[in-house]
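Reading the structure
Okay, here's what each chain looks like letter by letter:
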Amino acid sequence: MADITSDLKADTTSPAQWSRSKWASVLLLVAVVLTTLRYGGLLPDSLHRIPEAMIPPFAAWLDVFFNFVKDDLGLLTLTRTLTEGLEWLLDITANLMFGKRRWPFIGPIPWTAVAGVAAVVGYHLGGWRMALLGAGTFIWTALIGQWTIAMETMSVLMVAAPLAFFIGLGLGILAWKYAAVNRAIKPILSVLQTLPFFTYLLPAVIFFKVGPTAGAVATTIYAIPPMILMTTLGLQKVPSEVVEAGNMSGCTKWQLLRHVYLPSARTEILVGVNQVIMLCLAMVVLTAFIGMPGLGAKLLAMMGSFKLGRSFEIGVTIVLLAVTLDRMSKAWVVRQPVHFERGTPWWRKHIVLLMCIGVFVFFCIAAQFVQVFAEIGRKQNFSQGKEIDTLIKGFLALDPVQNTTQAIRYVLNVWILNPFRDFLLSIPTPAFILLVVAFALSLGGGRPAIYAAIFFGLVALSGWWDRSVITLYSVISAVTLALLIGVPLGITAARSEKWSQRVLLACDTAQTFPSFIYLIPAIMLFGITATSVVMSILIFAMVPLTRYTIEGLRTVPPEMTEAADMAGATRMQKLMKVQLPLALPTMAVGFNQAIMFAFFMVIIAAFIGTQDLGQELQRTLAGTDLGKNFVLGICVSLMALTFDLTIMKWATERKKALGLPD
Amino acid sequence: MTAETVISCKNAWKIFGADPKKYLRSMPAGLSFDDIRADGYIAGVKDVSIDVTRGEMLVIMGLSGSGKSTLVRCFSRLHDITGGTITVEGQDLMSLSEKELIELRRNKMGMVFQSFGLLPHRTVLENVAFPLEMRGQDKHARRERALEVVKLVGLEGREEYFPRELSGGQQQRVGIARSLAIEPDIWFLDEPFSALDPLIRREMQDEFLRLQGMLGKTIVFITHDFDEALRLADRIAIMKDGAVEQCDTPDQIVLNPATEYVRKFTEEIDKARVVRAGVLAQGQVMGEGEPVEASASVQDLARLLVQDARAVIPVAQSSKVIGGMDRAAALEILLEAS
């Protein structure tokens, strides 16, 4: 960290920033002195870590508060009532999708019918390729013998996504309409977006029963924030003349919203829908941790027992579902209305709907006569779990492969990771906080520095300091490694348009994968070890880094690179003196996203076995320790927010200074 | 002229800023635009008094930021004015309740926008029928009426198209059709042709004149293009920094600019094309011989002015001689132009 700050100090020039960096170096110096004193044995223990006795019992206070809300205010009664409604909805989708014995006792819908409808919708949205993708996904799921678990997941998604959409849309409209709501909602949203998902899960379980209902609630809440943001953004972007035209047409307020604002904000709202679907999918897989059956639970079980073949197959199913849902919803975003010539017959205008109904009915009837059309039996599926398992394990047991993975593991653990962790842990708490504040001050200035001091101070007071530092260590080391790989990759790819496109597409696709998926290759290569934790974070965090590096470099105005060329710059000079400085603010956004992703992933990795906050969080899921769960979650959130505020402030300021568009 | 006043605007102010009402009350008289800006406020409309009579076409013109769009938005109460009064057909705009305002817009006003303001998710027909739909007309009747107006603006056969499938000129025809759908008495046009390229603009102006010839509405037309203003206007109001510098007929503005700003503004204008014989006609000396038409511009008469030997040429309006035009003065205007 010291390196980063000194680097940045070097290129700050304006007087305000100079005093900023001067202050930062003073803080840095104090931190170094404190640490040296500690090494010399001169620093009393009470200044190294806050003594146990001084730590306020936040968890107990929170528990008192939660109990008050839960029992005395009767929130539990309310949520249990809501649970019944939700359960009713979930039972309907569960019955339709995988034949759970509940009202309306119709299902399960034959898999062929679902695949057929997916093909028609895919064709309508994106031609033959999309049709193939849609049908292929469902055919694969059925043939591989995962239909039921996949539909368990889908049945929750089908309830959670619309719920998140409507709640997000409603709150988004309110936030757009009333400045007070907006002000109230903004900080809650940013905390929600950095809160580890385990913190969503426990309250969901306590208030909404274990199983699909809690899963659906956690999923819904998780997916709401981007919908709110996109709705507000879309409504703000409606051109004023369109609104005025609505007013001059004599719209009432309601008519204006319904007929003018919402349809004009269509694109942003649909982007919100896409994000809702993708976040729901990511979260619904993770609800496996609270016992939600489905793809996630199966994957968790398979990875836990190191059955790599089956894990791989389930991983493929999840990825296919993610890609299909993402591509189709994105195709829907860019789809523009096209007129029909006059006199087009009614059936021609509604051909897609009719085809869907036709295909659906056809397969439903066919399934009555041909058993495999309805369901693929246990013995009929094509799962090659065992064979793939043997193959992967055989490959990993090969000498060169094993040597490589072991070497990487050894070097990483013994030379880099462990020493770094021990170093971080050896820094006295006040010195650590000063370091973070110095970082925030030199990058973001006064306000982020104050936030950093408050946030990390709170973390220190939470009593989970060591675990927080270990969490931070995993994040920093993984993101640093990801930087070393992702940025050069991005720079290389950005050199040709063709490769930029390809790598961007790969990044886009990778970003649609539910985060859980990233554990699979890490576990495959490095087993259930600490290296896998860093590796899974690394892969996950590399995606935004590479992507924003390419985007940053591509948005450098061509006049500037042309000017550099005409000035006789070599390729390297052009990169270092022109392109990178201009791309840096955009790259910083990617860096920020990488850190946020890392904080998210490090919690999931608790599943592999870590010693950080995630581990403790996961443990709370087994009980009803809501207070502790919240304290732990807020610790993660506060650390993530510190970085978020600082880096984003720097990126915006820098963009403004360089005159780049946002 | 004793024509009925449709829009009457008295000492209207529109100030943007933190607390414009309070600021306007405490403001000393005679502050300039820049003084107000120095106080942290922007005077969008600055003490404007102007009347629009029935059937008249008033063109408001000025550079961008001069407040012309703001003024027309005050006429339609898309902006609430800060001070003064604006009455439309005798009703004080600011005293109208929301419901009454909506009623007024649904029945009396139509507006056309610079960048069209079309709803992207609706077809041409649905866009045109939108105001009718808002006032709750039944489906059949509004379709009928919308088809009628679409035909009027020459977009027959494109009823089912979406705005993005049309060219700019066609999109603005949709905008015009929409504003006419409710048969408004008052028609606001906010730089309707500025976003179009010059050839289409010319064509649309002709189209607009044709429509106005048929419909005879009361029109407030905004433009920053002087040629356009001269082609269309009965009267022109020239605005600068929120205030109206001069409001008069095109001839008067060209011949007798009220302020230095207006003079500069009109400097480049080919006066011979603007000034008509009727304006140059003086009552005292009628002149003799064949009269010329009052509505003919000096340029139209160029050949005659050069070849004719008379000192005073009679000018006739509806075959009645109304005065005599001093040939030398007319020639002077013609020469100045070239």
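Residues numbered from 1 in each chain as written. Chains lettered and ligands numbered in written order. Predicted model: local features only at pLDDT ≥ 70, side-chain atom pairs only at ≥ 80, totals over all residues. Heavy atoms only, no water.

A word on the packing of helix 21 (residues 429–444) of chain A against helix 30 (residues 626–658) of chain A
All names here are of chain A.
- Axis separation between helix 21 and helix 30 bottoms out at 8 Å; the angle between their running directions is 20°. When the axis of helix 21 is compared with that of helix 30, the two are roughly parallel. Helix 21 and helix 30 meet at a crossing whose hand is left-handed. The residues of helix 30 that touch helix 21, namely those facing Val436, Phe439, Ala440, Leu443 and Gly444, are Thr642, Phe643, Thr646, Lys649, Trp650 and Glu653. (Axes fitted to C-alpha atoms, helices over the stretch in contact; angles between N-to-C directions. Helix = DSSP H or I, 4+ residues; strand = E, 2+ residues; numbered from the N terminus. Parallel < 35°, antiparallel > 145°, perpendicular 65-115°, else oblique. Left-handed = near helix turned anticlockwise from the far one by under 90°. Contact = heavy atoms within 4.5 Å.)

Focus: the packing of helix 6 (residues 111–143) of chain A against helix 7 (residues 147–177) of chain A
All names here are of chain A.
- Interhelical geometry of helix 6 versus helix 7 gives an angle of 125° and a closest axis separation of 7 Å. With respect to helix 7, the element helix 6 is oriented oblique. Packed against helix 6, whose contacting residues are Trp111, Val114, Phe138, Thr141 and Ala142, the element helix 7 presents Trp147, Ala150 and Met151 at the interface.
- Taken together, the residues of the contact of helix 6 with helix 7 sort by class into seven nonpolar, one polar and no charged. (Nonpolar A, V, L, I, M, F, W, Y, C, P; charged D, E, K, R; others polar.)

Examining the sheet that holds strand 14 (residues 320–326) of chain B
- Read across the open sheet, the four strands follow the order 11-14-13-12 (chain B); overall the sheet is mixed. Each end of this open sheet is capped by a strand with a single partner; those strands are strand 11 (281–282) and strand 12 (292–293) of chain B. (Pairing = 2+ DSSP bridges.)

Considering the interface of chain B and chain A
- Of the residues lining the interface, 33 residues belong to chain B; the matching set on chain A comes to 24 residues.
- When the two sides are added together, the surface that chain B and chain A hide from each other amounts to roughly 2,500 Å², 58% of it contributed by carbon and sulfur.
- For B:Glu98, the salt bridge is made with A:Lys253, and the minimal N-O distance between the two is 3.6 Å.
- Among the secondary structure elements, those contributing two or more residues to the side of chain B that touches chain A are helix 4 (98–107), strand 6 (109–112), helix 5 (124–134) and strand 7 (186–190) of chain B. (Buried area = accessible area lost by both parts, 1.4 Å probe. Salt bridge = Lys/Arg side-chain N within 4 Å of Asp/Glu carboxyl O.)

Regarding unusual backbone geometry
- Within the chain, A:Phe105 stands out as a residue other than glycine whose phi angle is a positive 50°.
- If you trace the backbone, A:Phe105 turns up in the loop between helix 5 (75–98) and helix 6.
- By relative accessible area, which is 54% here, A:Phe105 ends up exposed.
- For B:Ser318, which is not a glycine, the phi torsion comes out positive at approximately 40°.
- Looking at the secondary structure, you find B:Ser318 in the loop between strand 13 (312–317) and strand 14. (Buried < 20%, exposed > 50% of the residue type's maximum accessible area, 1.4 Å probe, protein only.)

Re the sheet that holds strand 1 (residues 5–16) of chain B
All names here are of chain B.
- If you walk across this open sheet you meet the four strands as 2-1-4-5, and the pairing is antiparallel. Of all the strands in the sheet, just strand 2 (42–53) and strand 5 (91–92) have a single pairing partner and so form its edges.
- Relative to strand 5, strand 4 (residues 83–88) runs antiparallel, the two being bridged by two bridges. Across the sheet, valine 88 pairs through a bridge with glutamine 91, a residue of strand 5.
- Contacts from helix 3 (residues 68–75) reach strand 1, strand 2 and strand 4, with the element oriented near 60° to strand 2.

Notes on empty space enclosed by the protein
- For the structure on display, the rule yields two cavities of 30 Å³ or more.
- In this structure, the largest cavity encloses a volume near 70 Å³.
- Secondary structure elements with two or more residues in the lining of the largest cavity: helix 11 (240–248) of chain A together with strand 6 and helix 7 (168–180) of chain B.
- For the lining of the largest cavity, the element with the highest residue contribution is strand 6 of chain B, accounting for three residues. (1 Å grid on protein atoms, 1.4 Å probe; cavity = no way out; pocket = protein on both sides within 12 Å on 5 of 7 lines; lining within 4 Å. Points joined across faces, edges and corners; volume = space filled by probe spheres on them.)

Things to note about the state of the cysteines
All names here are of chain B.
- By the definition in use, this model includes zero disulfides over all chains.
- No disulfide involves cysteine 9; its sulfur sits 7.7 Å from the nearest other cysteine sulfur, which is in cysteine 74.
- Given the relative accessible area of 1%, cysteine 9 is considered buried. (Disulfide = S-S within 2.5 Å.)

Some points on the pattern of salt bridges
- Under the counting rule described, the total for this entry stands at 41 salt bridges over all chains.
- Of the charged contacts in the structure, one is a salt bridge between A:Asp326 and A:Lys330, with a shortest N-O distance of 3.3 Å. Of this pair, A:Asp326 and A:Lys330 are both found in helix 15 (residues 308–334), four residues apart, which corresponds to roughly one turn of the helix.
- When salt bridges that share partners are traced, they join B:Glu4, B:Arg54, B:Glu89, B:Lys108 and B:Asp185 into one network.

Describing the domain arrangement of chain B
Residues and elements named next belong to chain B.
- What the domain assignment lists for chain B is domain 1 (52–81 + 93–108 + 184–269) and domain 2 (272–337).
- Using C-alpha coordinates to define each centre, domain 1 is positioned 29 Å away from domain 2.
- Residue-level contacts link eight residues of domain 1 with seven residues of domain 2.
- Across the interface of domain 1 and domain 2, roughly 540 Å² is buried in total on both sides, 70% from carbon and sulfur atoms.
- Our count for the contact surface shared by domain 1 and domain 2 stands at one salt bridge.
- One salt bridge connects arginine 273 with aspartate 227, and the closest N-O pair in it is separated by 4.0 Å.
- The interface formed by domain 1 and domain 2 contains one residue pair in polar contact (both at pLDDT 80 or more). (Domains from an automatic or database assignment. Polar contact = N/O pair within 3.5 Å; in protein donor to acceptor, adjacent residues only side chain to side chain.)

Focus: helix 4 (residues 58–72) of chain A
All names here are of chain A.
- The terminal C-alpha atoms of helix 4, which comprises 15 residues, lie 20 Å apart, in line with the 21 Å expected from a rise of 1.5 Å per residue.
- What helix 4 keeps buried is the set Phe66, Val69 and Lys70. Taken end-on, helix 4 shows its buried residues confined to a sector of 90°, consistent with a single buried face. Opposite the buried face of helix 4, by more than 90 degrees, sit the exposed residues Trp61, Val64 and Asp72.
- On its buried face, helix 4 is in contact with helix 5, helix 9 (197–208) and helix 30.
- Phi turns positive, to about 75°, at glycine 74, one or two residues after helix 4. (Expected span 1.5 Å × (residues − 1). Arc of directions from axis to C-beta.)

As for helix 21 of chain A
- Across its 16 residues, helix 21 of chain A extends 22 Å between first and last C-alpha, which sits within 8% of the 22 Å expected from 1.5 Å per residue.
- The positive-phi residue at the C-terminal boundary of helix 21 of chain A is A:Gly445, with phi of around 95°.

Brief notes about the nonpolar core
- In this structure, A:Phe197, A:Phe198, A:Leu201, A:Phe289, A:Phe432, A:Phe516 and A:Phe599 are the most contacted members of the largest nonpolar core, which totals 188 residues.
- In terms of residue count, the dominant contributor to this core is helix 7 of chain A (13 residues).
- Apart from the residues lying within four places of it in its own chain, the contact partners of A:Phe289 are A:Phe197, A:Phe198, A:Leu201, A:Leu300, A:Phe516, A:Ile604, A:Phe607, A:Gln618 and A:Leu621.
- If you look at the next biggest cluster of nonpolar residues, it comprises 64 residues, including B:Ile182, B:Val262, B:Ala272 and B:Val315. (Core = buried A, V, L, I, M, F, W, Y, C linked by side-chain atoms within 4.5 Å.)

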